[in-house]
Amino acid sequence: MFRVLSIFIFILVSIGVFAAEAPTRFISDDVFTYIHGGPGTEFRIIGSVEAGQPITLLDNTEGDFTQIIDHKGREGWVLTSLVSDQPSFRERFPEMEAQLKQANEQLNNITQNTDNTEEYLTLANQKVSELKAALAKAIKERDDAKSKVQQVADNQRYEMWQQGGLIAGIGALIGIVLVYLPRPQRRKKSRWM
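What counts, and at which threshold
- The residue numbers shown here count from 1 along each chain, following its written sequence.
- Residue-level local features of this predicted model are given only where pLDDT is at least 70; pairs of side-chain atoms are given and counted only at 80 or more, and the full residue set underlies all totals for whole chains, interfaces and linings.
- Note: side-chain values were computed over all heavy atoms of the structure, leaving out hydrogens and water.
- Put simply, DSSP H or I for four residues or longer makes a helix, DSSP E for two residues or longer makes a strand, and each gets a number counted from the N terminus.
- Burial here depends on accessible area, computed with a 1.4 Å probe over protein chains only, as a share of the maximum for the residue type. Under 20% is buried, over 50% is exposed, and the range in between is partly exposed.
- Contact definition: two residues touch when any of their heavy atoms are within 4.5 Å.
- Per-residue and other accessible areas follow the Shrake-Rupley method at a 1.4 Å probe size, with only the shown protein chains counted as cover for residues.
- By convention in these notes, a salt bridge is any Lys or Arg side-chain nitrogen within 4 Å of a carboxyl oxygen on Asp or Glu.
- Throughout this description, a polar contact denotes any pair of N or O atoms lying within 3.5 Å of each other; where both atoms belong to protein, one of them has to be capable of donating a hydrogen while the other can accept it, and for residues adjacent in sequence the pair is counted only when both atoms sit in side chains.
- Think of a patch as exposed residues, more than 30% relative accessible area, with no salt bridge, where like charges cluster within 9 Å and nonpolar side chains (Val, Leu, Ile, Met, Phe, Trp, Tyr) cluster within 5 Å.
- For two strands to count as paired, DSSP must find a minimum of two bridges between them.
- What pLDDT reports is the predictor's confidence in each residue, on a scale of 0 through 100.

Novice: Could you give me a rundown of the overall build of the protein chain, with the residues and numbers involved?
Specialist: Counting secondary structure elements, the protein chain contains 2 helices and 5 strands. Written out in order from the N terminus, the α and β elements of the protein chain read α-β-β-β-β-β-α. Taken across its 193 residues, the protein chain has 9% of its residues classed as buried. Summarising the internal contacts of the protein chain: among those between residues at least 6 apart in sequence, 30% fall at separations of at least 24. Put simply, the protein chain shows about 17400 Å² of open surface, and 61% of that area lies on carbon and sulfur atoms.

Encoded structure:
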């Protein structure tokens, strides 16, 4: 019994391994519907229409079937549920692919522009930092120059006061000396010489 059970488990595991190794495939998009000679499946099939083919809709509907003329000019009946006013995905797919490609290109451009903008922003921030440093240096130099100009102006005023004081002192000294100098006497008019 154990032997039969182990063979059965081995077979199940082998089938599972082979099933897991099978390549993945997909159902084809080439789907079609049959055109019947009348409004029902009991009528003769006169052809088929692939998904996405344009048809002309006639104003005749009976039950679940609608009368059409296909792209080859054949008149027949198809299921009403298979008739759509929208083009099929097969027809819209190339357009959607083109739109997706365009959207991806725009996204790539935006991404590149964003990267460029980030680089420009980084460079601009560096430049702003450099300009702020240069501004701070210029303000310091301006303040130093103002203090030097103020010091020079103060020194000039001090020197002018010194020179003015010196001149006033010398003038006062001369005035004092002149006061104590003997005055020359005036000649009398009576003297002829």
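Novice: Break down the pattern of salt bridges for me, with residues and values.
Specialist: Evaluated as defined, the whole model comprises 4 salt bridges. Here R74 makes a salt bridge to D70, at a shortest N to O gap of 2.7 Å. With relative accessibility at 4%, the residue D70 sits in the buried group. In this structure, D144 engages K140 in a salt bridge whose closest nitrogen and oxygen atoms are separated by 3.6 Å.

Novice: So what's going on with the side chain of T66? Which residues, and what values?
Specialist: By the secondary structure assignment, T66 is in strand 4 (residues 65-69). Only 2.6 Å separates the side chain of T66 from the side chain of T80, close enough to count as a polar contact. Ignoring any residue separated from it by four or fewer positions in sequence, one finds T66 in contact with L57, L58, N60, T61, G76, W77, V78 and T80.

Novice: If you had to explain a nonpolar patch on the surface to someone new, which residues and values would you point to?
Specialist: A surface patch of nonpolar side chains, amounting to about 670 Å² of accessible area, comprises L166, I170, L173, I174, V177, L178 and L181. Turning to its location among the elements, L178 is positioned in helix 2 (residues 89-180).

Novice: Run through the pairing of strand 4, naming residues and quoting values.
Specialist: By the criterion of burial, strand 4 is predominantly enclosed, with 4 of the 5 residues buried. Both strand 3 (residues 56-62) and strand 4 contribute to a ladder of 4 bridges, which runs antiparallel. Bridging across to strand 4, E62 finds its partner in F65. Between strand 3 and strand 4, which follow one another and run antiparallel, lie 2 residues, and G63 among them has a positive phi close to 65 degrees. The pairing of strand 4 with strand 5 (residues 75-79) spans 5 bridges and is antiparallel. Paired with T66 across the strands is V78, a residue of strand 5.

Novice: Which residues make up the confidence of the model for the protein chain, and what values do they have?
Specialist: Parts of the model with low pLDDT should not have their predicted coordinates read in detail. Model confidence for the protein chain is summarised by a mean pLDDT of 82, while 81% of its residues fall at 70 or above. Looking over the protein chain, one finds the lowest element-wise mean pLDDT in helix 1 (residues 2-21), namely 61, and the highest in strand 5, namely 90.

Novice: If you had to explain the side chain of H36 to someone new, which residues and values would you point to?
Specialist: Examined against the element boundaries, H36 turns out to sit in strand 1 (residues 32-36). Taking relative accessible area as the criterion, H36 reaches 9% and is therefore assigned buried. Sequence-distant contacts of H36, that is, excluding residues within four places in its chain, are made with T41, F43, R44, I45, I46, F65, G76 and W77.

Novice: Account for the environment of P87, with residues named and values stated.
Specialist: Within the secondary structure, P87 sits in the loop between strand 5 and helix 2. The spacing of P87 and P54 is 33 residues in sequence and 8.1 Å in space, taken between C-alpha atoms.

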